[in-house]
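Structural overview
Listed below are the residues making up each chain.
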Amino acid sequence: GQFYDATQCLGDGFNDTTCQPCTALGSCDAGFYFDATNCQGDTEEDDACVACTTEGSCIIRTYFDSAKCAGNGTSDDSCADCTPLGGCPANTYWDVNFCDGTGSTNDQCQACTALGSCPDDHYFDASNCDGSGTSDDA
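A brief report on the enclosed structure follows. Each chain has its residues counted from 1, following the order in which its sequence is written. Residue-level local features of this predicted model are given only where pLDDT is at least 70; pairs of side-chain atoms are given and counted only at 80 or more, and the full residue set underlies all totals for whole chains, interfaces and linings. Just so you know, side-chain values use all the structure's heavy atoms and leave hydrogens and water out.

Moving on, we come to the state of the cysteines. A pair of sulfur atoms, both from cysteines and within 2.5 Å, is called a disulfide here. Under the definition given, this model contains six disulfides. The side chain of cysteine 52 participates in a disulfide bridge whose partner is cysteine 69; the two sulfur atoms lie 1.4 Å from each other. Of the two residues, cysteine 52 is situated in the loop between β4 (49-51) and β5 (62-64) and cysteine 69 in the loop between β5 and β6 (79-81); the sequence distance between them amounts to 17 residues. The buried label applies to any residue whose accessible area, calculated with a 1.4 Å probe on protein chains only, is under 20% of its type's maximum; exposed applies above 50%, and partly exposed to all values in between. Judged by its relative accessible area of 6%, cysteine 69 falls in the buried class. Secondary structure elements are defined from DSSP: runs of H or I of at least 4 residues count as helices, runs of E of at least 2 residues count as strands, and each element is numbered from the N terminus.

Moving on, we come to the side chain of threonine 92. Within the fold, threonine 92 resides in strand β7 (residues 92-94). The exposure class of threonine 92 is buried, given its relative accessible area of 13%. Of the polar contacts made by the side chain of threonine 92, one reaches the backbone oxygen of proline 89; its length is 2.6 Å. Apart from the residues lying within four places of it in its own chain, the contact partners of threonine 92 are Cys109, Gln110, Ala111, Cys112, Cys129, Asp130 and Gly131. Here a polar contact is taken to be a pair of N or O atoms separated by no more than 3.5 Å, where protein atoms must pair a possible hydrogen donor with a possible acceptor and residues adjacent in sequence count only if both atoms sit in side chains. For this analysis, residues touch if any pair of their heavy atoms sits within 4.5 Å.

If you want it as structure tokens, here you go:
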């Protein structure tokens, strides 16, 4: 694609240079992705590179991953999926209050109560916190 740039046609050349090439696939800056539907000759700017989602702006059950959206892709992949329900490792549980789209880590799985930390009138049972539940039931 190309975009219109009136500053390029100053009357001192032999060609019409007002149409400039857009950024090529794989050449966007980090934090941007290439959108082939943009920069079709109908704008006055190179809009082939589109800003990715920023930290704090991901949807619920995703988190911002700064290592993604490096400028060489064709989609906004800056928000990574959090651990799905039932996918937490042993000694953790899936907490609905975490991984709300505002963070930069996968914090969906929270640590269960540790041995010796149970409240009065309760006992510790590690087998109850196998990663499949949605509450701290150790």
